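# Descriptive analysis of the structure
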Amino acid sequence: MAEAGEDFDFDVIGQWSEPVSFSVTQDATIAYANATNDDARPHAAGDYAPPVYAVVPVFSIMAERTMSAVPDELIMRILHGEQDMRFHRPIVAGDELTCRAQVVGVHGRSSGAVVTTLLETRDAAGELVNEQYFTGFFRGGVLEDGRGEEPPAHGIDPTQTERPADAVVVQKFDEDQTFRYSEASGDLMPIHLDDDFAKAMGLPGIIIHGLCTMAFTSRAVIETACPEDPSRLTRLAVRFSSPAQPRHTITTELWKVTPESPDAGGTYVFETTTDEGDFVIRDGLAEIAPATSNRSNA
């Protein structure tokens, strides 16, 4: 009998992928803003990309590198567990980006296995533009312990949300949201586009891309914390809890957990639920730079 975990490839941990190049156009960043209903002026005008657009340049290697650590029979059993983005500066039209990825940890859970992948995007000068941690959960993977790094922590302390939220943002998904998002992001998974296929996979029908939901929450954070300068968002981390559907309205509750004044930046935690009462995002964390940082001109 095979020992638990022997089919996982631990040798890929810490090994960078070959770099991939990506050219950014203004049309593409505006399309992403439109596909995520992002009407923040700098995003809608194409001055710079919405923050979650950062996933587009790394999308292909994010999946490929993560899958390289797991046995073939688990590849189609992946769920998007968490995404943690750290922004050094916004992506702008004309950027020539270089992206690479490495698995940093593989760990067992009670009902599956978790693979954590670090993604890195640099500009033509070699400067970091953003870093991301993607956590893939593989249902049914058997692994008794693990190796490498655990996903970065961003859990909410229950005491932080005992009081009423500092802000509540309500947003509604459009009926064609998944089709628009698929085109703008390059994520063509059929669970987002084919109702019959989604139901065959045990879902209630077409579901919203998790990263589209994350983009909606980024808009909620910016509207609350830094509407005058969206580039002040320096970190956005979420745990995906359950899928939303195009018919849903979502509500994001946000709590500021540091005492600084608005211009001094600070840290927010947030949770997002559907109008049916299901959590779609838990353990949301946003970090905001001081207003004097002028990051939009980076």
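Below, the structure is looked at part by part.

Criteria and cut-off values
- Residues numbered from 1 in each chain as written.
- Predicted model: local features only at pLDDT ≥ 70, side-chain atom pairs only at ≥ 80, totals over all residues.
- Heavy atoms only, no water.
- Phe/Tyr/Trp six-rings, centres within 6.5 Å; stacked < 30°, edge-to-face > 60°.
- Helix = DSSP H or I, 4+ residues; strand = E, 2+ residues; numbered from the N terminus.
- Buried < 20%, exposed > 50% of the residue type's maximum accessible area, 1.4 Å probe, protein only.
- Pairing = 2+ DSSP bridges.
- 1 Å grid on protein atoms, 1.4 Å probe; cavity = no way out; pocket = protein on both sides within 12 Å on 5 of 7 lines; lining within 4 Å.
- Points joined across faces, edges and corners; volume = space filled by probe spheres on them.
- Nonpolar A, V, L, I, M, F, W, Y, C, P; charged D, E, K, R; others polar.
- Core = buried A, V, L, I, M, F, W, Y, C linked by side-chain atoms within 4.5 Å.
- Contact = heavy atoms within 4.5 Å.
- Axes fitted to C-alpha atoms, helices over the stretch in contact; angles between N-to-C directions.
- Parallel < 35°, antiparallel > 145°, perpendicular 65-115°, else oblique.
- Left-handed = near helix turned anticlockwise from the far one by under 90°.

For the structure on display, the rule yields three aromatic pairs. An angle of 65° between the planes, with centres 5.4 Å apart, marks the rings of Y32 and Y181 as edge-to-face. Taken together, the residues span a long stretch of sequence, with Y32 in helix 1 (residues 26-35) and Y181 in helix 4 (residues 177-185) at a distance of 149 residues. Comparing Y32 with Y181, the two get one shared label, buried. For the pair F173 and F216, a centre-to-centre distance of 4.7 Å together with 50° between the ring planes defines the contact as tilted. With F173 in the loop between strand 7 (167-172) and helix 4 and F216 in helix 6 (residues 210-225), this residue pair connects regions lying 43 residues apart in the sequence. Of the two residues examined, F173 and F216, each falls in the buried class.

Strand 3 (residues 96-109) sits mainly inside the fold: 10 of its 14 residues count as buried. Pairing of strand 3 with strand 4 (residues 112-122) involves 11 bridges; the strand directions are antiparallel. By the bridge assignment, V106 is partnered in strand 4 with V115. The hairpin turn running from strand 3 into strand 4, its antiparallel successor, is two residues long. In terms of strand pairing, strand 3 meets strand 6 (residues 146-148) through three bridges, oriented antiparallel. Directly across from V106, in strand 6, lies its bridge partner R147.

Tallied over the entire structure, the rule returns two cavities of 30 Å³ or more. Empty space within the largest cavity amounts to approximately 130 Å³. Every residue lining the largest cavity is counted, 15 residues in all, and those nearest its centre are A49, P51, F87, R89 and P90. Here the lining of the largest cavity is built from residues that sort into 10 nonpolar, three polar and two charged. A volume near 30 Å³ is recorded for the second largest cavity. Elements with a minimum of two residues in the lining of the second largest cavity: strand 2 (78-87) and strand 5 (128-139).

It is worth spelling out the nonpolar core at this point. Core analysis: the largest hydrophobic core is formed by 50 residues, its most contacted members being Y32, V55 and L236. When residues in this core are grouped by element, the largest group, nine residues, is from helix 6. Once you skip the residues sitting within four places of it in the chain, Y32 turns out to touch P50, V52, Y53, V55, V56, Y181, A184, S185, L211 and A215.

Moving on, we come to the packing of helix 1 against helix 4. The N-to-C vectors of helix 1 and helix 4 enclose an angle of 160°; their axes lie 9 Å apart at closest approach. When the interaxial angle is binned, helix 1 and helix 4 end up roughly antiparallel. Note that helix 1 runs across helix 4; the crossing there is left-handed. Facing A31, Y32, N34 and A35 of helix 1, the residues of helix 4 in contact are Q177, R180, Y181, A184 and S185. Grouping the constituent residues of the contact of helix 1 with helix 4 by class yields five nonpolar, three polar and one charged.

Glancing now at the layout of surface pockets. Put simply, the largest pocket is a space of about 1200 Å³. Of all the secondary-structure elements, those providing two or more residues to the lining of the largest pocket are helix 3 (55-67), strand 2, strand 5, helix 4, helix 6 and strand 8 (233-240). With five residues, the top contributor of residues to the lining of the largest pocket is strand 2. Of the residues in the lining of the largest pocket, the class split is 28 nonpolar, 10 polar and six charged.

Turning our attention to unusual backbone geometry. Within the chain, N37 stands out as a residue other than glycine whose phi angle is a positive 55°. Here N37 is to be found in the loop between helix 1 and helix 2 (41-44). By relative accessible area, N37 is classed as partly exposed at 28%. The residue D283 is not glycine, and still its phi comes out positive at about 55°.

Keep in mind that these numbers describe shape and distance, not what the molecule does.
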